[in-house]
Amino acid sequence: MTVQDLIDRLEAEAEMDRDPETTPDVGIIMGSDSDLDVMSGAYDALEELGFEEQTDYENPPESRFTYESYVVSAHRTPELMYAYGETAEARGLDVVIAGAGGKSADLPNMTASIAYPLPVIGVPVQEKSVDSVIGMPTGAPIVAVDAGKSFNAALSAAQVLARQHDEVRAELLSYHEELVGGVAEVSRDLHDLGHVSFRDRSA
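The shown structure was predicted, so the numbers you read here are calculated from the model rather than taken from an experiment. (Residues numbered from 1 in each chain as written. Predicted model: local features only at pLDDT ≥ 70, side-chain atom pairs only at ≥ 80, totals over all residues. Heavy atoms only, no water.)

Visitor: Is there a simple way to think about the side chain of Ser 132 in this case?
Guide: Here Ser 132 lies in helix 5 (residues 130-134). Judged by relative accessible area, which is 14%, Ser 132 ranks as buried. Setting aside its immediate chain neighbours within four residues, Ser 132 contacts Lys 103, Ser 104, Ala 105, Asp 106 and Asn 109. (Helix = DSSP H or I, 4+ residues; strand = E, 2+ residues; numbered from the N terminus. Buried < 20%, exposed > 50% of the residue type's maximum accessible area, 1.4 Å probe, protein only. Contact = heavy atoms within 4.5 Å.)

Rendered as structure tokens:
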């Protein structure tokens, strides 16, 4: 497999004009497979909301909402980055989550420029990547989360989809209600048990 093979694949998929219900809704890209541990939060969040991973463009999984992922290096494989950004919308993607590390974390903002107006959510893989990811000039927008917060990036991607899909909206609301309920339970227990017993229980 070569970079050109991947580019050819993306371009061929863009030409297929598939039903949007059968294509990945969210694309997850990262600059290196070493970013996978940080970016795994995005997978966790999407799967929490009922998304499935789509690994075969022509044979989607049963879930209505799916995501895909690729390693795309802005510096080592710029041609692949351009191909991914340029074909994303034609391939049926509604939003892209892009993570990159290092001081020159250019993948998110470059992808945002190439895929425009498709929304791109940037994930700085490291703290030192934040300035690079968010440093876009006026007129070249990108949405970004804090360093390492790929879980939140995926929730934001789902919020984009929820504007058009009631099923995703319902999953987001259910997830939020669980969080609220968890806070209420902890608050009750802290009050009712007192802080000493509460801490002993958690030890």
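Picking up after the structure, the text goes on.
Visitor: What exactly am I supposed to notice about the pairing of strand 5 (residues 120-124) here?
Guide: Sheet faces and side chains relate simply in a regular strand, where the side chains alternate between the two faces. Strand 5 sits mainly inside the fold: five of its five residues count as buried. Burial of strand 5 is two-sided: the residues Val 120, Gly 122 and Pro 124 facing one way and the residues Ile 121 and Val 123 facing the other way are all buried. As paired strands, strand 4 (residues 95-100) and strand 5 are joined by five bridges and run parallel to one another. Note that in strand 5 the partner of Ile 97 across the bridge is Ile 121. Assessed by its sense of winding, the connection that carries the chain from strand 4 through helix 4 (residues 107-115) to strand 5 is right-handed. Pairing analysis gives two bridges linking strand 5 to strand 6 (residues 143-144), with the strands arranged parallel. Residue pairing across strands places Gly 122 opposite Ala 144, the latter belonging to strand 6. (Pairing = 2+ DSSP bridges. Right-handed = clockwise from strand over helix to strand, strands pointing away.)

Visitor: What am I meant to see in the UniProt feature "domain: PurE" (unreviewed entry) in the protein chain here?
Guide: Here the UniProt-annotated "domain: PurE" (unreviewed entry) positions come out as residues 24-183. Taken end to end, residues 24-183 is 42% helix and 16% strand, and its first and last C-alpha atoms sit 34 Å apart. (UniProt positions renumbered as here; feature names shortened; annotations may be inferred.)

Visitor: Could you clarify how one ought to interpret the pattern of salt bridges in this entry?
Guide: Side-chain pairs of opposite charge can arise whenever the charged atoms involved come near each other. As enumerated under the stated definition, the model contains five salt bridges in all. Glu 13 is the salt-bridge partner of Arg 91, the closest N and O atoms lying 2.8 Å from each other. With a gap of 78 residues between them, Arg 91 in the loop between helix 3 (78-87) and strand 4 and Glu 13 in helix 1 (residues 3-15) connect regions that are remote in the sequence. Residue Arg 91 is classed as buried on the basis of its relative accessible area of 1%. The partner of Asp 25 in a salt bridge is Arg 64, and the shortest N-O contact between them spans 3.5 Å. Of the two residues, Asp 25 is situated in the loop between helix 1 and strand 1 (26-30) and Arg 64 in the loop between strand 2 (52-53) and strand 3 (66-71); the sequence distance between them amounts to 39 residues. One network of salt bridges, in which partners are shared, links Glu 13, Glu 68 and Arg 91. (Salt bridge = Lys/Arg side-chain N within 4 Å of Asp/Glu carboxyl O.)

Visitor: Mind showing me how you'd approach the packing of helix 3 against helix 4 here?
Guide: The geometry of a pair of packed helices is captured by two quantities: the angle between their axes and the separation between those axes. In contact at an axis separation of 8 Å, helix 3 and helix 4 are set at 45 degrees when each is read in the N-to-C sense. Classed by the angle they form, the pair helix 3 and helix 4 counts as oblique. Where helix 3 crosses over helix 4, the two elements pack in a sense that is right-handed. Contacts between helix 3 and helix 4 involve Met 81, Tyr 82, Gly 85 and Glu 86 from the former and Leu 107, Met 110, Thr 111, Ile 114 and Ala 115 from the latter. Here the contact of helix 3 with helix 4 is built from residues that sort into six nonpolar, two polar and one charged. (Axes fitted to C-alpha atoms, helices over the stretch in contact; angles between N-to-C directions. Parallel < 35°, antiparallel > 145°, perpendicular 65-115°, else oblique. Left-handed = near helix turned anticlockwise from the far one by under 90°. Nonpolar A, V, L, I, M, F, W, Y, C, P; charged D, E, K, R; others polar.)

Visitor: Can you walk me through helix 1 in this structure?
Guide: An α-helix turns once per 3.6 residues; consequently, residues spaced three or four apart project the same way. The terminal C-alpha atoms of helix 1, which comprises 13 residues, lie 19 Å apart, in line with the 18 Å expected from a rise of 1.5 Å per residue. Turning to helix 1, its buried residues number three or more, namely Leu 6, Ile 7, Leu 10, Glu 13 and Ala 14. Viewed along the axis of helix 1, the buried residues span an arc of 130 degrees, placing them on a single side of the element. Against the buried residues of helix 1 lie strand 3 and helix 3. Once helix 1 ends, the next one or two residues include Asp 17, with phi positive near 55 degrees. (Expected span 1.5 Å × (residues − 1). Arc of directions from axis to C-beta.)

Visitor: What exactly am I supposed to notice about the sheet that holds strand 6 here?
Guide: Note: strands within a sheet are paired through backbone hydrogen bonds, in either parallel or antiparallel orientation. Reading across the sheet, the six strands line up as 2-3-1-4-5-6 and stay open at both edges, with parallel pairing between neighbours. The two strands at the open ends of the sheet, each matched to only one other strand, are strand 2 and strand 6. Here strand 1 runs beside strand 3; their pairing, made up of five bridges, is parallel. Looking at strand 3, one finds that Met 30 is bridged to Val 71.

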